[in-house]
Amino acid sequence: MKPLKRIRSRTAVLPHANIDTDRIIPARFLTTTERVGLGRHAFEDWRYLADGSDNPAFELNRPEARGCGILVAGHNFGCGSSREHAPWALLDYGIQAVLSSEIADIFRSNALKNGLLAVVVSESEHRYLLDHPGIELCIDVSTGCIELPDGGRFGFEMDAFARHCLLEGVDQMGYLLQHDDAIQRHEQRVERAA
Amino acid sequence: MNAPRTLFDKLWDAHQVVPESDTAPAVLYIDLHLVHEVTSPQAFSELRARGLKLRRPDRTLATLDHSTPTLPADADGHRPYTTPEAEAQVEKLQANCREFGVKLHDWDSDARGIVHVIGPELGATQPGMTIVCGDSHTSTHGAFGALAFGIGTTEVGHVMATQCLLQRKPKSFAIHVDGELPKGVGAKDLVLHIIATIGVGGGTGHVLEFRGPAIEALSMEARMTMCNMSIEAGARAGLIAPDDTTFAWLEGRPSAPRGPDWDRAVAHWTTLRSDAGAHYDREVRIDATLVRPTVTYGTHPGMAGALDAPVPEATNDQEHRALEYMRVTAGKSIAGMPVDVVFIGSCTNSRLPDLRAAAEILRGRQVAEGVRMLVVPGSEAVRREAEAEGLHEVFTAAGAEWRVPGCSMCIAMNGDLAQPGQLVVSTSNRNFEGRQGKGARTVLASPETAAASAVAGRLSDARSVLKTSEAAA
Ligand code: SF4
C-alpha cells in the first residue's frame, strides 16, 4: 500500500442512508479474479439506465460530481457483504475517501486496508457536508483534521494503528509475519492443552 | 476472584496471540478458515506473489457455492455456468486448492454445499473456536458458541499466511429473549423482529449474544438462522452459548472429537457461557410471546414487521423511496400482495427442518399458477436427507423446482434470478435493491410464510393457509 498523508478534493454527495455493498458493486460482477477494473461497474444498477446510458437522476452522474475524489454518503454506508470488491470498485472509479456519520464495520476495515480513507464524522458535521456538495476539502490523515474552504475545521477519530498504517504505507501481512514466534507459541500452548 | 466475563470475552481472551494496546490491535488466532471461490482468488495470488505457503492447510476448508449452477450437469458432464468468468472462477479455486494443499469440497464431494451449512454439518465448526470466511454470514457459526465473523479478501490473505488477523475488540451486546415463541412462529420471524427493533445498523461495532429461555428452546438449525442474520443488524458476529442441544447435534459428526477427546471437549465447552454479573456494553430485552410471522416490506432487513401489521409511514426520503420501489403502501399490511417467485434456500434457511416445514405446507397442495418456486437445499447432505424422506417429491408434485445445492437466488450471481419488478418471497437474508436480480423486489420471510405464499400466490400467513384447507376438507 502506498503511504497516504492527505487528500484534497471536491465532494460528491450521495445522501441516501444504508447504501449497501450490492448497490456499490452488484454480485454479478464478483466473478472476477482480479482487483482492478471494477470502477466501470461501481453503482452499476443505479448509474446506468436500461439502455446503458447514464442515469441523469444518479447524483454522481451530475457534471459537478465528476472527478470528485471525496464521497459524502448517507448514514450506515457500506452495510451488507464482506466483498472487498466494494472498496476496489470505488477506488478504481476515482473515489479516495468516504465520509459518513456511520460506516459498516467490514466495509471500513476493507477500505482502510486498500488505502481508501473511510472516515466517520459527527451528525452535525455530516449534515453540513450533505448540505454543501462540491466543496473542496482537505483531509489530513496525520492530524485527523478536515479543512473546509472557509478555513473551518472538523476533527475526526481514527484508530491509531489504522492511521499509522495509512501514513507509513504499512504492509499488514508483513507486520503479522513478524509475529511468527508468538503465533508458534500460541499454537504450542493450545496443542499441549488439548 | 477473576472479574465475571461474557462468553465473548472468554473467546476473545483465549485467542489473543498478542493483546491489543492503544497503538496496535490484537493479533487474534483463527482456528478455522472457510474458503469459497468468490473472495479467495486475489488472496491466493497475494501468497503466490510473496512466495508464501499457506500456514495451516489443516485449519482451512474450501467449498464451491456462490457462482455455481444449481441445475445438474448434462450427459457430457458440462455444468450450465451463467458466464465463462463464473466457470473460470470455480476452476481457479480448484487449482488454488491443489497448489496450496487445501481440502476442497468439489463437485464430486458428497459434503459440498453452502460454506455456512457444511462447516457445522462436518463438525468442523465447534464451540470455543474462532472462525472466519470471506463472507459476512460467517456469523452463522456463532450458533455453536464460536466467535465467527466475515472478513475481506486482504484479511483472507492474512489468515492464509499467518493464521491470524489484526483486530480491535468489538463491544458486546446482549439480546435477552424472554418467554416462549407462539406456535407457528420461528427463528426467522424472531430475528427479523429483533433487527427491526435495534435497526439495520443497530449492531455496528458489536458482537451480539442471544440469550434467554426462548433462545435455549431453539434447535441448532434455528440458532444458526438467528446468528446468520446478526450481520443484518450490522453486528460483527452473533453468539449463543453452547449447551446440551449443541453437544447432541455435534456428537458423531466427521470432524467432531471422539471417545475421551469428546468428553474432554464437552467439559471445556460447558465453561463457555457468560458468568453471572458479566458486563455487556449494551443490552436489550425482547418478549418472544409478542412475535408474529414477520417479513420485510422495504429494501433493507431492518424494514421489517409483522405480516399482518400495517406498513409504517416513511420517516425519511430513503424509506419513502424504498416503499415506492417495493410498491407497498404505508398504513396497509403487505399480506395479500401478489407473488411472482418463491425462493427457499440460502445459509439462513436451507437446512432439513426448513425444508420439512415448507414441505409440510406444500404436501397435497399446488404452487399457485404463474408463481415460480425454487427449492435449493443448502448442501449435498441436506439434499440426501430430504430425498430420503421424499421431500423432493412433495416439492416437485406441488410444481416447485428442486435444485442442486448452492447460494442460488440468495445472491443471484449464478443465473438464478428474478426479473425486474417481480416480487420474490425469499427465505434468504438480504432484501437490498437488486440483490435477487436487477429491479427485483424481495420480501424476506420464514420457510413457512414462503411456502404458504407460493400456494396462495399472495403473501400469506402459513397458519391461515393451513386453516383454510382444513375448513375446505
Ligand atoms: S447463501 Fe447467500 S448469504 Fe449465504 S453464503 Fe451464499 S450468498 Fe452468502
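Source: prediction; values computed, not measured. (Residues numbered from 1 in each chain as written. Chains lettered and ligands numbered in written order. Predicted model: local features only at pLDDT ≥ 70, side-chain atom pairs only at ≥ 80, totals over all residues. Heavy atoms only, no water.)

## Topic: the overall build of chain A
A count of helical and extended segments in chain A gives eight helices and seven strands. By its C-alpha atoms, chain A is 65 × 45 × 25 Å across when sized along the principal axes. Buried residues in chain A amount to 62% of all 194 residues. A fraction of 64% describes how many contacts in chain A between residues 6 or more apart in sequence connect residues 24 or more apart. (Helix = DSSP H or I, 4+ residues; strand = E, 2+ residues; numbered from the N terminus. Buried < 20%, exposed > 50% of the residue type's maximum accessible area, 1.4 Å probe, protein only. Contact = heavy atoms within 4.5 Å.)

## What to know about the sheet that holds strand E8 (residues 164-167) of chain B
Strands pair in a sheet through their backbones, by hydrogen bonds, and they do so in one of two ways: parallel or antiparallel. All names here are of chain B. Ordered by their spatial adjacency, three strands build an open sheet running E1-E2-E8, and the pairing between neighbours is antiparallel. Where the open sheet ends on each side, the last strands, each with one partner, are strand E1 (16-18) and E8. Each neighbouring strand pair of the sheet contributes to a mean axis angle of 40°, computed without reference to strand direction. Sheet topology places strand E2 (residues 26-29) next to E8; four bridges connect them, and they run antiparallel. Within the sheet, the bridge partner assigned to Leu28 lies in E8 and is Leu165. (Pairing = 2+ DSSP bridges. Axes fitted to C-alpha atoms, helices over the stretch in contact; angles between N-to-C directions.)

## Thoughts on the interface of chain A and chain B
Counting from both sides, the interface comprises 54 residues of chain A and, opposite them, 60 residues of chain B. Between chain A and chain B, roughly 4,700 Å² of surface is buried when both sides are summed, and carbon and sulfur atoms account for 57% of that area. Broken down residue by residue, the surface that chain A buries against chain B is led by Thr31(A), Met173(A) and Leu176(A), which jointly contribute 14%. Where chain A packs against chain B, one counts nine salt bridges. The salt bridge partner of Arg168(B) is Asp159(A), with a shortest N-O separation of 2.6 Å. The tally of links from chain A across to chain B stands at 24 residue pairs in polar contact (both at pLDDT 80 or more). Broken down by element, the residue count for the side of chain A that touches chain B peaks at eight residues, all from helix H8 (residues 180-193) of chain A. Of the residues that constitute the side of chain A that touches chain B, the class distribution is 18 nonpolar, 18 polar and 18 charged. (Buried area = accessible area lost by both parts, 1.4 Å probe. Salt bridge = Lys/Arg side-chain N within 4 Å of Asp/Glu carboxyl O. Polar contact = N/O pair within 3.5 Å; in protein donor to acceptor, adjacent residues only side chain to side chain. Nonpolar A, V, L, I, M, F, W, Y, C, P; charged D, E, K, R; others polar.)

## Brief notes about the site of the ligand
All names here are of chain B. Close to the ligand lie His66, Ile114, His116, Asp135, His137, Ser346, Cys347, Cys407, Cys410, Ile411, Asn429 and Arg435, which account for all nearby residues. Most atoms of the ligand, that is more than half of them, are within 2 Å of grid points of the largest cavity. Across the shell around the ligand, the residue classes tally to five nonpolar, five polar and two charged. (Near = heavy atom within 4 Å. 1 Å grid on protein atoms, 1.4 Å probe; cavity = no way out; pocket = protein on both sides within 12 Å on 5 of 7 lines; lining within 4 Å. Sits in = over half its atoms within 2 Å of the grid points.)

## What about the side chain of Ser139(B)?
Residues and elements named next belong to chain B. Mapped onto the secondary structure, Ser139 falls in the loop between strand E6 (130-133) and strand E7 (147-150). Under the relative-accessibility criterion, Ser139 is labelled buried at 0%. Not counting residues up to four positions away in its chain, the partners in contact with Ser139 are Ala148, Cys227, Asn228, Ser230, Ile231, Ala237 and Gly238.

## A word on the layout of surface pockets
Counted as a void, the largest pocket has a volume near 1,000 Å³. Around the largest pocket, the lining comprises 30 residues; the ones closest to its centre are Asp105(A), Arg108(A), Ser109(A), Asp159(A) and Arg168(B). Counting only elements with at least two residues in the lining of the largest pocket, the list comes to helix H4 (105-113), strand E4 (117-120) and helix H6 (160-168) of chain A together with E8 of chain B. Considering each element in turn, the lining of the largest pocket owes the most residues, five residues, to H4(A). (Points joined across faces, edges and corners; volume = space filled by probe spheres on them.)

## Digging into the domain arrangement of chain B
Residues and elements named next belong to chain B. Domains assigned within chain B are domain 1 (1-292) and domain 2 (295-472). The interface is formed by 42 residues belonging to domain 1 together with 44 residues belonging to domain 2. For the pair domain 1 and domain 2, the summed buried surface comes to about 3,300 Å²; carbon and sulfur atoms form 59% of the total. Considering only the side of domain 1, the residues that lose the most area to domain 2 are Thr70, Ile114 and Lys188, jointly responsible for 20% of the buried surface there. Across the domain 1-domain 2 interface, the total number found is three salt bridges. The residue Arg430 makes a salt bridge to Glu232 at a minimum N-O spacing of 3.0 Å. (Domains from an automatic or database assignment.)

## Some details on the sheet that holds strand E7 (residues 153-155) of chain A
All names here are of chain A. Judged by pairing direction, the sheet is mixed, and its seven strands sit side by side in the order E4-E3-E2-E1-E5-E6-E7 without closing on themselves. Each end of this open sheet is capped by a strand with a single partner; those strands are E4 and E7. Within this sheet the neighbouring strands show an average axis-to-axis angle of 30°, counted without direction. For strand E6 (residues 145-147) and E7, the ladder comprises three bridges, and the chain directions are antiparallel. Considered in E7, the bridge of Cys145 is made with Gly155. The sheet contacts of helix H5 (residues 123-131) involve strand E1 (6-14), strand E2 (70-73), strand E3 (97-100), strand E5 (136-140) and E7, and relative to E2 the element is tilted by about 115°.

## Points about the confidence of the model for chain B
Mean pLDDT for chain B: 96, with 99% of residues reaching 70 or above. Among the scores for the predicted complex, ipTM is 0.93 and pTM is 0.96. (pLDDT = per-residue confidence, 0-100.)

## Description of the pairing of E5(A)
The side chains of a regular strand alternate between both faces of the sheet. Residue and element names in this part refer to chain A. Across the five residues that make up E5, a large majority, four, are buried. Looking at chain direction, E1 and E5 are connected through five bridges and run antiparallel. Bridge pairing links Ser9 to Leu137 in E5. Sheet topology places E5 next to E6; three bridges connect them, and they run antiparallel. Bridging from a neighbouring strand, Ile139 pairs with Ile146 of E6. Taking the residues that link successive antiparallel strands as the turn, the E5-E6 hairpin has four residues, and the phi of Gly144 there is positive, at about 65°.

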